[in-house]
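# A closer look at the structure
Each chain, written out:
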Amino acid sequence: MVFVGGKLSLKGDKKKGKKKKSKSKHDKKKSSRDEEAAAAAAAANDSNGSDVDEDEMTEAERKAQKYKQQAEKKDLEKVAKQSHRDRVEEYSQKLSQLTELNDIPRVSAAGNG
């Protein structure tokens, strides 16, 4: 059962509804301009997000970023070196070398009867 907070409503109670404030055209234009400005600022931050100033980074952060870029470059080179067919064949060979769970016999006495 879900508890909904608030006042207990009785059958004979008459509720006073809240009046909604109507928005003028001026308010709508103002809010749309604010949204556009926020979207433009977010787009600008996304493009500059990867190019963090070197001055703001610590030495450890610079090393970590450099290592991350080198690892990413190495992974891309590895992927670009092999075709899809070669990757699938390599994966198939790897799977064929693994033992399957159904091939391993049970050793426990509990499963014998």
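Residues numbered from 1 in each chain as written. Predicted model: local features only at pLDDT ≥ 70, side-chain atom pairs only at ≥ 80, totals over all residues. Heavy atoms only, no water.

Scanning the protein for helices and strands turns up three helices and zero strands. Its helices and strands in sequence order give the protein the pattern α-α-α, from N to C terminus. Taken over 113 residues, the protein has a buried fraction of 1%. Counting every atom, the protein has about 12,200 Å² of accessible surface; 53% of that belongs to carbon and sulfur. (Helix = DSSP H or I, 4+ residues; strand = E, 2+ residues; numbered from the N terminus. Buried < 20%, exposed > 50% of the residue type's maximum accessible area, 1.4 Å probe, protein only. Areas by Shrake-Rupley, 256 points an atom, 1.4 Å probe, with all protein chains shown as cover.)

Turning our attention to helix α2 (residues 59–81). If you check α2, its first and last C-alpha atoms are 33 Å apart, about what 23 residues at 1.5 Å a residue would give, namely 33 Å. Counting buried residues in α2 gives zero out of 23 residues, a small share hidden from the surface. (Expected span 1.5 Å × (residues − 1).)

In an α-helix, one turn spans 3.6 residues, which is why side chains three or four residues apart end up on the same side. If you check helix α3 (residues 84–97), its first and last C-alpha atoms are 20 Å apart, about what 14 residues at 1.5 Å a residue would give, namely 20 Å. Burial analysis of α3 places just zero of its 14 residues in the buried class, a small minority of the element.

There is a patch of nonpolar side chains on the surface, built from Y91, L95 and L98 and spanning about 330 Å² of accessible area. When you line up the elements, Y91 lands in helix α3. Here Y91 falls in the exposed class, since its relative accessible area comes to 52%. (Patch = residues over 30% accessible without salt bridge, like charges linked within 9 Å, V, L, I, M, F, W, Y side chains within 5 Å. Salt bridge = Lys/Arg side-chain N within 4 Å of Asp/Glu carboxyl O.)

For the rest of this paragraph, the subject is the confidence of the model for the protein. Taken as a whole, the protein shows an average pLDDT of 75; of its residues, 50% reach a score of 70 or greater. Mean pLDDT across the secondary structure elements of the protein bottoms out at helix α1 (residues 25–49), with 63, and peaks at α2, with 93. (pLDDT = per-residue confidence, 0-100.)

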